[in-house]
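Descriptive analysis of the structure
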Amino acid sequence: MQVQKLSVKTKCEMPTCKNNASYQFCLDSGDKRNSLNLCEDCMREIYGHIGKILTPKSPKNMLNKKTSGRGYER
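Residues numbered from 1 in each chain as written. Predicted model: local features only at pLDDT ≥ 70, side-chain atom pairs only at ≥ 80, totals over all residues. Heavy atoms only, no water.

**A look at the overall build of the chain**
Heads up, the condition is: Only runs of H or I of at least four residues qualify as helices and only runs of E of at least two qualify as strands under DSSP, and these elements are numbered from the N terminus. For every residue, the accessible area (1.4 Å probe, protein chains only) is compared with the maximum for its type, and the residue is labelled buried under 20%, exposed over 50%, or partly exposed between those bounds. We call two residues in contact when some of their heavy atoms are within 4.5 Å. Throughout, the Shrake-Rupley method with a 1.4 Å probe supplies accessible areas, and for residues the shown protein chains are the sole cover considered.
From N to C terminus, the chain includes 1 helix and 3 strands. The linear arrangement of helices and strands in the chain, starting from the amino end, is β-β-β-α. For the chain, the residues scored as buried account for 18% of the 74 residues in total. The long-range share in the chain, meaning contacts at least 24 apart out of those at least 6 apart in sequence, stands at 26%. Carbon and sulfur atoms form 54% of the exposed surface of the chain, whose accessible area is close to 6,700 Å².

Laid out in structure tokens, this is it:
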């Protein structure tokens, strides 16, 4: 998959968006029928949603366990 900056004036393909597309996602085959044209705003929104799903979560910190005031663990 490739992402290319568009130089041609094209409509964004998100259903409710009325902006002009700035970027094109296309498969390696280069066939224009298998492409998705997005404006910068829609691309940023999709990026935020994908980041919530694919970003790895940090492991639990084993060094900072909660302890009681007497110096031993509960």
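**Here's the deal with the sheet that holds strand 1 (residues 2-5)**
What counts, and what does not: A pair of strands is labelled paired if DSSP reports no fewer than 2 bridges between them. Between N-to-C directions, angles span 0 to 180 degrees; the directions come from axes that are lines fitted to C-alpha atoms, helices contributing only their stretch in contact.
An order of 1-2-3 is seen for the 3 strands of this open sheet, with the pairing classed as antiparallel. The sheet is open, and its two edges are formed by strand 1 and strand 3 (35-38), each paired on a single side. Within the sheet, the average angular offset between the axes of one strand and its neighbour, ignoring direction, is 20 degrees. Two strands pair when backbone bridges link them, and strand 1 and strand 2 (residues 23-26) are joined in this way by 4 bridges, in the antiparallel orientation.

**Observations regarding the side chain of Gln 24**
Applicable threshold: For the purposes of these results, a polar contact is taken to be a pair of N or O atoms within 3.5 Å, where, inside protein, one atom must be able to donate a hydrogen and its partner to accept one; residues adjacent in sequence count only when each atom of the pair is a side-chain atom.
With respect to the helices and strands, Gln 24 occurs in strand 2. In this structure the side chain of Gln 24 is engaged in a polar contact, spanning 3.4 Å, whose partner is the side chain of Asn 37. In this structure Gln 24 touches Gln 2, Val 3, Gln 4, Leu 6, Lys 32, Ser 35, Leu 36 and Asn 37, once residues within four positions along its chain are discounted.

**Structural notes on the state of the cysteines**
Keep this limit in mind: Two cysteine sulfurs form a disulfide in these notes if their separation is within 2.5 Å.
Within the structure shown, the criterion is met by 0 disulfides. No disulfide involves Cys 17; its sulfur sits 3.6 Å from the nearest other cysteine sulfur, which is in Cys 39. Of all cysteine sulfurs in the structure, the one in Cys 39 sits closest to Cys 42, which takes part in no disulfide; the separation is 3.5 Å. The class of Cys 42 is buried, set by a relative accessible area of 11%.

**A short note on the pairing of strand 2**
Examined bridge by bridge, strand 2 and strand 3 share 4 bridges and lie antiparallel to one another. By the bridge assignment for strand 3, Phe 25 is matched with Leu 36.

**Some details on the nonpolar core**
What counts here: Working definition of a nonpolar core: buried Ala, Val, Leu, Ile, Met, Phe, Trp, Tyr and Cys residues. They are joined through side-chain atoms within 4.5 Å.
One finds Cys 12, Cys 17, Leu 38, Cys 39 and Cys 42 forming the largest nonpolar core, which totals 5 residues. The residues touching Cys 17, leaving out its near neighbours within four places in the chain, are Lys 11, Cys 12, Cys 39 and Cys 42.

**Details of a nonpolar patch on the surface**
Under the convention used in this document: Patch construction takes residues with relative accessible area above 30% that form no salt bridge. Like charges are linked within 9 Å, and nonpolar side chains (Val, Leu, Ile, Met, Phe, Trp, Tyr) are linked within 5 Å. For this document, the term salt bridge refers to a Lys or Arg side-chain nitrogen within 4 Å of an Asp or Glu carboxyl oxygen.
A surface patch of nonpolar side chains, about 350 Å² in accessible area, is lined by Ile 50, Ile 53 and Leu 54. Of note, Leu 54 is situated in helix 1 (residues 40-54).

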